[in-house]
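Each chain, written out:
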Amino acid sequence: MSSTNDPLNVITNPPQTIVKVHGITSREEVNGQLGVAVQYNLERGRYTVHMVKTQTTMALKTENLTKASTLETYQAQFTQITSDPRVRQQLVGYYNQVQRMLPGNMKPEYAAGGILVLLLTIMYFIGFTKTLMALSLLLLLGVIIGPDLLSGDWKVVLHNFPRRCRETIETSAPFLRGKRFWNNRIAMGIVLVMLAFSTKALVTPTKRPAASFNNNYSAPSPSISQSSSSSIEDAYKLGFDDATKGLEFGTSMPNTQKKRSLAEDDEDEIPYDYTSMPPPASTSSSSPFGFSQVMSIFFLYRTATQLGGNPLSGQFSMEQFMLNVKTMPVW
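Residues numbered from 1 in each chain as written. Predicted model: local features only at pLDDT ≥ 70, side-chain atom pairs only at ≥ 80, totals over all residues. Heavy atoms only, no water.

Undergrad: Quick question: what am I supposed to make of the nonpolar core here?
TA: Nonpolar side chains in soluble globular proteins tend to end up buried together. Counting 14 residues, the largest nonpolar core has Ile144, Phe161, Cys165, Ile169, Leu176 and Val191 as its most contacted members. Only helix H4 (128-149), helix H5 (154-172) and helix H6 (184-203) provide two or more residues apiece to this core. Of all the elements, H5 adds the most residues to this core, at 4 residues. Ranked by size, the runner-up nonpolar core spans 13 residues in total, among them Ile24, Tyr40, Met58 and Leu65. (Core = buried A, V, L, I, M, F, W, Y, C linked by side-chain atoms within 4.5 Å. Buried < 20%, exposed > 50% of the residue type's maximum accessible area, 1.4 Å probe, protein only. Helix = DSSP H or I, 4+ residues; strand = E, 2+ residues; numbered from the N terminus.)

Okay, structure coming up:
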C-alpha cells in the first residue's frame, strides 16, 4: 500500500525492489535502465536509485520510475552481480582459493571441464538416475564432512563425523533435538544405513529381461495341390461346350471329374497354421526394498514433520498436522 513516504511502494529493508527508468529528457541514455530503489526523499519528492549497470546513484522523480517486471528483476540481479566490483573481488578471491587447492596450479575452468566430461562419461555407462544418486551421495558427504575436510586432518574428520551427522539430520528434523534416545551414534548409524543402501543401488546392475521367442515358431506354409495341365484343359473344353449348347455348367462333366474338381477347389484354399507366441516373461526385482523405497519413506517422514512440527519447540502435534492438511490448497 503506497503512502506519502513511499508513493510507489518500492522501499524495502534491505533495499531489493527493482525499478525501471523512463521519460527522462535530459539524459535519454538512462531510459530503460534498471536500478534498486534505496529510499524516498519526501522534501524533494525523489527516489534514490542505485543503478545496477553503471553502479552509480541517481535521484529520480516518481513519474520517471515504474516497478520492474519479474524478467527485468532477474536481469537486474544478474547485471548487479556482474557489474558490482565487490562481487567481482569476492569471485576472484574464490577463484584464487580454488586454484590454490588444485594440483599444479591448474585453472579452475579446466578442472570444471574435466569434471563435466567425467560426469557425462559416468552418465553414459551407469545412466542418468544413478548419476544423480551418486551426486546426491557426494553432496550429503560434502555437507557432513565439508567443514572439517578443509583442515586436512582426517583424524579431525573422523572424530567429528558422528556429531556432524546429528547436526545434519537435526536441520531437517528439528524436533529430534533434546530427545533422550537421540545421540551422535544413532545419527551416524542412520547416515551409514542410507549410504549402504545407496551404494548397493549404485553397484547393483540393472537387470533387463531378454525377450524370449518360441524357437518352434514356423512361418505359415501354404499347401496348394496343382492339377495337371491336361485335366484343366479338359475341364475348360467341357465348360465351353456346355455354354455353347446353353446347358447348365458342369452337365457334360463326368461324375468322377466333378468330385475331383470339387476336391481340388477345396485344396486350393490355403490353410495357415500359426503357432501361438509365448506370453512375455514376468519381471521380478531381486530386492523389494531398496534405495528408492528408503528415499520415499524419508520424504514422507519429512513432509509429515513439516506439517505437524512446531517450529519453536520442535514437538510434533497431531492437531497441528490435521489443521495444516485441511488448510492445504487443492491441486
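Undergrad: Just checking my understanding: could you explain the pairing of strand S4 (residues 56-61) for this structure?
TA: On a regular strand, each side chain points to the face opposite its neighbour's, so the side chains alternate between the two faces of the sheet. Across 6 bridges, the pairing between strand S3 (residues 46-51) and S4 is antiparallel. The partner of Val49 across the bridge, within S4, is Met58. Between S3 and S4, which pair antiparallel one after the other, the connecting turn spans 4 residues, and Gln55 there sits at a positive phi close to 55°. (Pairing = 2+ DSSP bridges.)

Undergrad: Explain the pattern of salt bridges to me, please; I cannot follow it from the model alone.
TA: Any two side chains of opposite charge can pair, on the condition that their charged atoms come close. Taken as a whole, this structure holds 6 salt bridges when the rule is applied. Glu29 is the salt-bridge partner of Arg27, the closest N and O atoms lying 3.3 Å from each other. Looking at Arg27, the relative accessible area reads 41%, which means it is partly exposed. Because the salt bridges share partners, they merge into one network encompassing Asp148, Arg163, Arg164 and Glu167. (Salt bridge = Lys/Arg side-chain N within 4 Å of Asp/Glu carboxyl O.)

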